[in-house]
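# Descriptive analysis of the structure
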Amino acid sequence: MSIAANSQRSNLLSQNSETTTSNTNGLWANLGAELVYTQERTGRYLTFYWQHSERVGLSPETLLDDASAEQVFAPKNETVYLEKLQLVLTTLVPEKYQCWFSYGSQLFELELTISPIMSSVGSVPTTVLVMGRLLQEVMASQPENLTLQKPVALNSVLRSHRHQKLINQITRNIRRTLDLDIIWQQTVDSLGKALQLERCIICPYHSSSRKVQVTAEYHQSTRGSMLGLEIDLDSESSFARAISTLQPIVVDSPQHPQLEQQKMLVITTCYQDQPNGLIAATLRDSCCFIAGDDLELAKDVADQLGTAIAHATLYKELEAAREEAEQATRRIRDFLANVTHELRTPLNGIIGFLKLILEGMADDPEEQKQFLQEAHKSSLYLLDIINDILDIAKIEAGKMELELRSVKLDELFSDVENFMRPQAEGRNLSFRMQMPATSDEIIVQGDYQRLKQVMLNLIGNAIKFTHEGGITVTADVVRKKVTFQDRQLPGMVRVRVADTGIGVSLDKQDKLFHLFSQVDGSRTRQYGGTGLGLAISQKLVEAMGGEVNFYSLGEGLGSTVTFTVPLYQQPLIID
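A short tour of the structure in this document, coming up. (Residues numbered from 1 in each chain as written. Predicted model: local features only at pLDDT ≥ 70, side-chain atom pairs only at ≥ 80, totals over all residues. Heavy atoms only, no water.)

All right, on to the sheet that holds strand 12 (residues 264-271) then. Ordered by their spatial adjacency, 5 strands build an open sheet running 9-7-13-12-11, and the pairing between neighbours is antiparallel. Looking at the sheet topology across the chains shown, the edges are occupied by strand 9 (216-219) and strand 11 (249-251). Taking the axes of each pair of neighbouring strands and ignoring which way they run, one obtains an average angle of 15° across the sheet. As paired strands, strand 7 (residues 197-204) and strand 13 (residues 274-283) are joined by 7 bridges and run antiparallel to one another. Following the sheet pairing, Ile202 is matched in strand 13 by Ile279. Taken strand by strand, helix 7 (residues 180-194) contacts strand 7, strand 9 and strand 13, and its axis lies near 20° from that of strand 9. Against the sheet, helix 8 (residues 237-245) engages strand 11, strand 12 and strand 13, with an angle of about 35° to strand 12. (Pairing = 2+ DSSP bridges. Helix = DSSP H or I, 4+ residues; strand = E, 2+ residues; numbered from the N terminus. Axes fitted to C-alpha atoms, helices over the stretch in contact; angles between N-to-C directions. Contact = heavy atoms within 4.5 Å.)

What describes two packed helices is the angle between their axes and the distance between those same axes. With their axes 10 Å apart at the nearest point, helix 11 (residues 409-426) and helix 12 (residues 448-464) run at an angle of 30° to one another. Here helix 11 lies roughly parallel to helix 12, going by the angle between them. Regarding helix 11 and helix 12, the two cross each other, and that crossing is right-handed. Of the residues in helix 12, those in contact with Glu411, Leu412, Phe413, Asp415, Val416, Phe419, Met420, Gln423 and Ala424 of helix 11 are Tyr448, Leu451, Lys452, Met455, Leu456, Ile459, Gly460 and Ile463. Classifying every residue of the contact of helix 11 with helix 12 gives 12 nonpolar, 2 polar and 3 charged. (Parallel < 35°, antiparallel > 145°, perpendicular 65-115°, else oblique. Left-handed = near helix turned anticlockwise from the far one by under 90°. Nonpolar A, V, L, I, M, F, W, Y, C, P; charged D, E, K, R; others polar.)

All right, on to the pattern of salt bridges then. Here the structure, examined in full by the defined rule, presents 17 salt bridges. Glu323 is paired through a salt bridge with Arg330; the nearest N and O atoms lie 3.7 Å apart. Three or more residues are tied together by salt bridges with common partners; here these are Glu319, Arg322 and Glu326. (Salt bridge = Lys/Arg side-chain N within 4 Å of Asp/Glu carboxyl O.)

What follows covers the sheet that holds strand 15 (residues 430-434). Ordered in space as 15-17-20-22-21, the 5 strands form an open sheet in which the pairing is mixed. Across the chains shown, the open sheet's two edge strands, defined by having one partner strand only, are strand 15 and strand 21 (548-551). This sheet shows a mean twist of 15° between the axes of neighbouring strands, independent of strand direction. As paired strands, strand 21 and strand 22 (residues 559-566) are joined by 4 bridges and run antiparallel to one another. Within strand 22, the position partnered with Tyr551 by the bridge is Thr560. Sheet strands in contact with helix 11 are strand 15, strand 17 (470-478) and strand 20 (492-499), and its direction is about 180° off that of strand 15.

To continue, consider the nonpolar core. Met455, Ile459, Val473, Val493 and Phe563 are the most contacted members of the largest nonpolar core, which has 46 residues in total. A per-element tally of this core places helix 12 first, with 7 residues. Leaving out residues up to four positions away in the same chain, Val493 has contacts with Leu409, Ile442, Val444, Ala475, Asp476, Val477, Phe563, Thr564, Val565 and Leu567. Membership of the second largest hydrophobic core comes to 25 residues, among which are Phe73, Tyr103, Leu112 and Val130. (Core = buried A, V, L, I, M, F, W, Y, C linked by side-chain atoms within 4.5 Å. Buried < 20%, exposed > 50% of the residue type's maximum accessible area, 1.4 Å probe, protein only.)

Quick look at the side chain of Thr187 now. Mapping Thr187 onto the fold places it in helix 7. The exposure class of Thr187 is buried, given its relative accessible area of 1%. Engagement of the side chain of Thr187 in a polar contact is seen with the backbone oxygen of Ile183, the distance being 2.7 Å. (Polar contact = N/O pair within 3.5 Å; in protein donor to acceptor, adjacent residues only side chain to side chain.)

Let's shift gears to unusual backbone geometry. A positive phi angle is found at Gln272, which is not glycine, with a value near 55°. Checked against the element boundaries, Gln272 lands in the loop between strand 12 and strand 13. Unusually for a residue other than glycine, Asp273 sits at a positive phi of about 65°. The residue Asp273 is located in the loop between strand 12 and strand 13 in this model.

What follows is the structure, given as structure tokens:
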């Protein structure tokens, strides 16, 4: 409303201050408004006119009488209403406001325009002019389902138009981004402002969890933030009901202690009938009613948001899959380059030594024998690389076959020690293997050849990456029953391979068990190898019912690798 109009109405008020109420009513009626009244900042009526006064039994004379305390026509939430009056008188800017008034046993939803009345230039206004119209009226004693009734036809058209504009705005915002955090925040802000909510929150929902967390929030400045609050669905039945029924739920008093005890509307967002989120809106006045169009607006927003969540989630999953595929491609490319190098080196050695022999370059039979030994050594190394590649191919194809049977741990340790001790001592490293103290044999369940392969692999790595000190291999019995392949076993044996070698930095340890990945993948790395050893060992041990773990405090601090294998029978431990 313009200042000129305010001045005109102010003059009218001052000219008619001594007239009777009936004359005042006639003056307001001439303005063509359905409802017109003036008030002080305290809410006391100075003048009052309403077309429906006689129909609802409201007497303006009684309303203007300060001594009358009964049948007062007043807002349901008087505190918020008076705050609105103070805001208009302070800012001198007219405000539109939609609220509920009560009179006797009746409730009236009104749409009001509140304007300050300027008495003179430079003075502070103390009164307001309020003009408005009736949206709907109900009996205060009517059941809650009447909260969804439609307002009068004209207002329904106007409200529908406003709601459609809001839906279009939210839809445009959603289509501009696939960032869920932005989508959630823009949605709660739009809903909160459009429906004049006390609070509006959004909680993503996953069927695998019985808890939801507030990830976006709109709230009035008088309310504390709930952002990040975790809500157990079992402690807030309205949330659980909304998810199970996919229908809007109106709650008079939420159960969760951190949700205000105010009327709340809960709506589920879903995509293809699968819930993926919750919108909870706390109304500014717990006694107010929810118009049917407001409910339709919230449902439309929930539908749009549910689709946006599904699309954004799918996009993120596709992006993650694409990134993972690109990383896998890079790892395979680097792996192939490294394997080519690893294959070429021993193969060149074999060809070179054999060529020297064929061309008679050996000075004597002893040197010829030495050339043959080097060629044989290179061929064994080459065979190990090829076997690793074949093993990982079988594992990835699900064609690795294991023969699980009883295995005597002391025989396995003895076999491994005979093979690995010469290699360790040849590098001037100490080598120790220790069995747990028992009065009978320790028998595990596994594939003997594969268990031997795992131990040779782990100990071989320890020797390769240790320059001084030594390697210690120990075993201990974990007496805890486990179930593997529908069979209960008495416990596990944990084998530990510890070295005093170069160690691995904490930020690189996650690469150790990745296929086609090495801590140092460059061709110029100091140590050879394909990077398949730990990955193969892990998959073999897991196929036998155990697990592999790697520990290192950092570079230069040595490493420890452990693996477990199920016990075939419980041994008698010597304390």
